Amino acid sequence: MDTKVTDWLLEDNSWLNFAVETQLLGKKAEPSLAAADSKIQVVINRLKNSSVGIPALKSGKVAYTSTGNAFWDLFFLADIGLKVEDIHIQNEINDLFKLQQDDGTLILQDGTKSGYFCIPTIILASLVKMGYNNDPHILRFIEKIFETQRLDGGWHCALNRAKGKKLQDTESCPMDNLNILMLLGQYDTYRNDTRLNGAIDLLLVHWKKRMEPWRPYGFGIGNDYLKLKYPAVKYGILRVLDVLSIYPYAIKSTEFNEMYESVMKKSPDGRFFAESVSRSYPEFDFGQTKLPSKWITFLIYRILKRIG
């Protein structure tokens, strides 16, 4: 990694310093400094809010398609490397698990059913990163994931596309595959699990066929997909690369490396800009497009470190 870029990343930001030191430089750092940062405190407090935070998930009114809520605030804090105990949300997580159904599934948004794995996996993947990898609620959910895996190795929320159903031979949903791979990739045991190769292949083939009129379940790869943005709520290149970079099978592929090279070409000096922003995070550098974003740059160099 370019030391000039590293020095730039470490200039003046305690929460980002923690992420860079622990995830890029392999150093130990004190999480309390990151958690105490005034900007991070805003996110933590919002995470505890009864309207948009973790307690609000029981209402079914919090939409994963929006930012500034439990889905993406938790995602952000997990990406920094903070643990649940660092931000003191154990009680909120305990209440969240009370929503789990007897079959292991979670329904967190109105209008969805138990087979919509793409939604709760956003939350659960963050919790695994934050120290809950052995929690029995999450392990039961993962069991259900494998019970519902489709013929092509991926997943789809529509019941008529399940194994044994009329549309069992159709392709899986890219977002389902992406989010489930994001969760499973937090476990060493699944990173080389060949059962996941089909789900990975769909994301890779989607890139390969991006110029063709092929839209699995309505998902396409156009200009919006190619924009660097965070949180990557929609199906986009930054989160696809971030997830696939966890899997050795994926990073060996031509398609993965083409995607990665297309991102690297966006920066002549190793510093990257957010190319689309969310209004929920104006205080962070990924919430603006005029100056290079240290956070976006960190995420890309984290991918680079994984792939060597």
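Computed from a predicted structure; not experimentally measured.

Visitor: Quick question: what am I supposed to make of helix α8 (residues 120-132) here?
Guide: An α-helix turns once per 3.6 residues; consequently, residues spaced three or four apart project the same way. Here α8 is 13 residues long, yet its end C-alpha atoms lie only 14 Å apart, well below the 18 Å a rise of 1.5 Å per residue gives. Most of α8 is tucked away, with twelve of its 13 residues classed as buried. Buried residues of α8: P120, T121, I122, I123, L124, A125, S126, L127, V128, K129, M130 and Y132, and no others.

Visitor: Just checking my understanding: could you explain the pattern of salt bridges for this structure?
Guide: Where side chains of opposite charge bring their charged atoms close, a pairing between them can arise. Throughout the structure, instances matching the rule amount to 17 salt bridges. Between K98 and D95 there is a salt bridge, with the nearest N and O atoms lying 3.3 Å from each other. For E147, the salt bridge is made with K144, and the minimal N-O distance between the two is 3.6 Å. A residue pair is termed a helical-turn pair when its members lie 3 or 4 positions apart in one helix, as E147 and K144 do in helix α9 (residues 136-147) at three residues. On the basis of relative accessible area, E147 is assigned to the partly exposed category, the value being 44%.

Visitor: How do you make sense of helix α10 (residues 174-184) when you look at a structure like this?
Guide: Counting buried positions along α10 yields eleven of eleven residues, so the element is predominantly enclosed. Restricting attention to buried positions, one finds in α10 the residues P174, M175, D176, N177, L178, N179, I180, L181, M182, L183 and L184. Buried residues along α10 sit in contact with α5 (70-80), α8, α9, α11 (188-191), α12 (197-208) and α14 (237-244).

The rules we used
- Along each chain, residues carry numbers from 1 onward, in the same order as the chain's sequence is written.
- With pLDDT at 70 or above as the cut-off, local features in this predicted model cover only qualifying residues; side-chain atom pairs require 80 or more to be listed or tallied, and sums for whole chains, interfaces and linings still use all residues.
- Computation of side-chain values: all heavy atoms of the structure, hydrogens and water removed.
- Only DSSP runs of H or I with at least four residues qualify as helices, and only runs of E with at least two residues qualify as strands; both kinds are numbered from the N terminus onward.
- For a helix, the expected span equals 1.5 Å multiplied by the number of residues minus one.
- Accessible area is worked out with a 1.4 Å probe on protein chains only. A residue is then buried under 20% of its type maximum, exposed over 50%, and partly exposed in between.
- A pair is scored as a salt bridge if a Lys or Arg side-chain nitrogen falls within 4 Å of a carboxyl oxygen belonging to Asp or Glu.
- It only takes one pair of heavy atoms within 4.5 Å for two residues to be counted as in contact.

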